[in-house]
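Descriptive analysis of the structure
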Amino acid sequence: MITIWPQYLDKNLSLSEGRKVSMEYAVAEPTISEIERALKRLGLKYTMDKERAYPGKWYEKSGRALVEWEGTKLELLKEVSLKLKEIKN
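This report concerns the structure included in the present document. Keep in mind that this is a model prediction, so the values were computed, not measured.

**A look at helix H2 (residues 73–88)**
For H2, which comprises 16 residues, the first-to-last C-alpha distance of 22 Å matches the rise-based estimate of 22 Å (1.5 Å per residue) to within 8%. Among the residues of H2, those classed as buried are Leu76, Leu77, Val80, Ser81, Lys83, Leu84 and Ile87. Residues of H2 that are buried in the fold lie against strand E1 (2–4), helix H1 (32–42) and strand E3 (64–67).

As structure tokens, then:
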């Protein structure tokens, strides 16, 4: 299982603030609902944990997704990011 926090994909955050993808893949302020929609469209098995807070922002419940994925975490994040860009446009 791979964990995806919205902060991993947020273009408004720096790498030290939690972003894991390059600016090329990052999207502005992704929500956990948008990430869920992207995962559905990709046909991946996942569970949502909407009451969780990202450790770097423990005071803000942003939620997280736990995804079954065979490849690397970065490959998954790039796939989800591309799907989020489709959803947001």
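**Some remarks on the nonpolar core**
Ile4, Leu9, Ile35, Leu39 and Val80 are the most contacted members of the largest nonpolar core, which has 22 residues in total. Looking at this core, the elements that each hand over two or more residues are E1, H1, E3 and H2. Sorting elements by how many residues they give to this core places H2 first, with five residues.

**Overview of the sheet that holds E3**
Read from one edge of the open sheet, three strands run E1-E3-E2, paired in antiparallel fashion. Of all strands in the sheet, those with a lone pairing partner are E1 and strand E2 (46–49), marking the two edges. Within the sheet, the average angular offset between the axes of one strand and its neighbour, ignoring direction, is 25 degrees. As paired strands, E1 and E3 are joined by three bridges and run antiparallel to one another. Its bridge partner being in E3, Ile2 is matched across the sheet by Val67. Across the face of the sheet, H2 comes into contact with E1 and E3 while running at roughly 40 degrees to E1.

What counts, and at which threshold
- Residues numbered from 1 in each chain as written.
- Predicted model: local features only at pLDDT ≥ 70, side-chain atom pairs only at ≥ 80, totals over all residues.
- Heavy atoms only, no water.
- Helix = DSSP H or I, 4+ residues; strand = E, 2+ residues; numbered from the N terminus.
- Expected span 1.5 Å × (residues − 1).
- Buried < 20%, exposed > 50% of the residue type's maximum accessible area, 1.4 Å probe, protein only.
- Contact = heavy atoms within 4.5 Å.
- Core = buried A, V, L, I, M, F, W, Y, C linked by side-chain atoms within 4.5 Å.
- Pairing = 2+ DSSP bridges.
- Axes fitted to C-alpha atoms, helices over the stretch in contact; angles between N-to-C directions.

From the geometry alone we can't say anything about function, so treat these as descriptive.
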